[in-house]
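This is what each chain is made of:
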Amino acid sequence: MRVLLLGGTTEASQLAQALHSARIETVFSYAGRTNAPIAQPVDVRIGGFGGADGLATYLKNERISHVVDATHPFANTMGQNAYRACSTHGTPLLRLARPAWRAQADDKWIHVPDITGARDALPADPCRVFLAIGRMHVDLFAARPEHHYLLRLVDAPQTQITLPDHHVTVARGPFNVAEDIALMQEHRITHVIAKNAGGSGAVAKIDAARALGLQVVMIDRPLRPDIAETANIETVLAWLNHDAERGV
Ligand code: 3Y8
Ligand code: NAP
């Protein structure tokens, strides 16, 4: 048995520990989006595969018997590629995904379908936005230069940020509520834009917004392939052991 673990989330790192403890041969895969990804207790590979075809070739050449997609709910291309490659190659595939966050009684959420929708949901009057969606889509907000943006990035930006009125804070999660409350108060934040990542690593800003009575613009998750999915690591181990007992 040789498992390819598509990682980049808190749950993927937790699963890597469990697979290492269970002595299941595993390769942990990062896209290579950050300068210094967290170390793992199993073999690590970094970088794209070259699309679904490249991944199918990888599965064959590396004798991968099982794939676990533990990528982020917004890592939609990787999820689609894993589904296509595993279907082509007949490799068992299971998704490890954390449940989406649900608004609580005193939350002030606006739901939008995507990042452009989040930008367009901002008010006409200038406001102060905590933009905690990473680096990839910041340029989209240049169309709304009237707002102040607090950007939280994993790595210091290598290229010019195209927002006239912004402040960058470099931090890698998981984050905590008290620090996110202090951060938002310090920057007089009025709105938070977030992806519905689920899980514990990014929820601090949601809890902080609730405590401060701030508006949250919540980007709903994209649709993902209809495959077997679980939220807990024990189920992944049972899925693998079931096949191990059958000699897969
Ligand atoms: C490279 C691996 C672990 C993993 C930790 C989780 C928690 C902290 C919260 C905020 C939100 C955001 C962002 C975020 C969180 C965890 C988890 C999670 C959100 C690392 C990591 C990689 C990435 C990629 C990075 C994206 C960006 C997204 C920042 C490692 C730290 C905003 C998503 O600079 C860039 O290009 C960053 C890109 C994809 C979203 C984006 O589109 O910009 N994650 N994040 C993975 C790879 O190379 O394959 O560097 O160690 C992993 C984690 N990020 O093991 O503890 O599990 O969700 N990551 C979001 O959820 O909104 C930050 O600031 O409040
Ligand atoms: P994406 O848009 O779905 O993927 C874009 C391309 O990046 C993929 O086609 C693939 O390249 C490569 N890739 C993505 N994840 C990979 C992995 N784990 N191993 C090897 N290659 C990978 O992905 P993304 O949204 O940019 O996210 C990239 C990584 O950051 C993922 O591992 C994800 O779990 C992590 N992450 C993302 C977010 C987020 O908000 N999107 C949040 C936290 C963590 P090829 O086509 O060349 O194979």
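Heads up: the structure comes first, above all this text.
Computed from a predicted structure; not experimentally measured. Each chain has its residues counted from 1, following the order in which its sequence is written. Written order decides the labels, with chains lettered from A and ligands numbered from 1. In keeping with the model being predicted, local features are shown solely for residues with a pLDDT of at least 70 and side-chain atom pairs are shown and tallied solely at 80 or more, while totals for entire chains, interfaces and linings include all residues. Excluded from the side-chain calculations are hydrogens and water; all other atoms, namely the structure's heavy atoms, are used.

## Details of the sheet that holds strand β9 (residues 166–170)
Two strands qualify as a pair provided DSSP detects at least 2 bridges between them. By the criteria applied, helices consist of DSSP H or I runs no shorter than four residues and strands consist of E runs no shorter than two, each listed in order from the N terminus. Sheet architecture is open: six strands sit in the order β6-β11-β10-β7-β8-β9, paired in parallel fashion. Strands at the two margins of the open sheet, each flanked by one partner only, are β6 (108–112) and β9. Strand-to-strand, the axes of this sheet are offset by a mean angle of 20°, without reference to chain direction. Two strands pair when backbone bridges link them, and β6 and strand β11 (residues 215–219) are joined in this way by five bridges, in the parallel orientation. Counterpart to V112 in the pairing with β11 is I219. Residue contacts are counted whenever heavy atoms from the two residues lie within 4.5 Å of one another. Lines fitted to the C-alpha atoms define the axes, with helices restricted to the stretch that makes contact. Angles between their N-to-C directions range from 0 to 180 degrees. Packing of helix α6 (residues 204–212) onto the sheet brings it into contact with β6, β7 (128–131), β8 (148–153), β10 (191–195) and β11, and relative to β10 it is tilted by some 150°.

## Section: the site of ligand 1
Nearness is defined per residue: one heavy atom within 4 Å of the molecule or strand is enough. In the vicinity of ligand 1 lie 29 residues, with T10, S13, A31, T34 and R172 positioned nearest. Here A31 contributes a backbone N or O atom positioned 2.5 Å from an oxygen atom of ligand 1. Pairs of N or O atoms within 3.5 Å make up the polar contacts considered here, provided that, within protein, one atom can donate a hydrogen while the other can accept it, and that residues adjacent in sequence are counted only when both atoms are side-chain atoms. One of the backbone nitrogen or oxygen atoms of R33 is found 2.9 Å away from an oxygen atom of ligand 1. Relative to its unbound accessible surface of 1100 Å², ligand 1 loses 93% to contact with the protein. Tallied by class, residues from the shell around ligand 1 come to 12 nonpolar, 10 polar and seven charged. Under the convention used here, a 1.4 Å probe and the Shrake-Rupley method define accessible areas, while residue burial counts only the protein chains that appear. In this count, Pro and Cys sit with the nonpolar residues alongside Ala, Val, Leu, Ile, Met, Phe, Trp and Tyr, while Asp, Glu, Lys and Arg are called charged and the others, Gly among them, polar.

## Describing helix α3 (residues 76–89)
The span one expects for a helix is its residue count, reduced by one, times 1.5 Å. Over its 14 residues, α3 runs 20 Å from end to end, which matches the ideal 20 Å to within 8%, given 1.5 Å per residue. Accessible area is worked out with a 1.4 Å probe on protein chains only. A residue is then buried under 20% of its type maximum, exposed over 50%, and partly exposed in between. Within α3, the full set of buried residues consists of G79, N81, A82, A85 and C86. For α3, the angular spread of buried residues about the axis comes to 165°, placing them on one side. When the buried face of α3 is taken as reference, the exposed residues oriented beyond 90 degrees from it are T77 and T88. At the C-terminal side of α3, G90 shows a positive phi close to 70°. Throughout, the arc means that of the directions going from the helix axis to the C-beta atoms.

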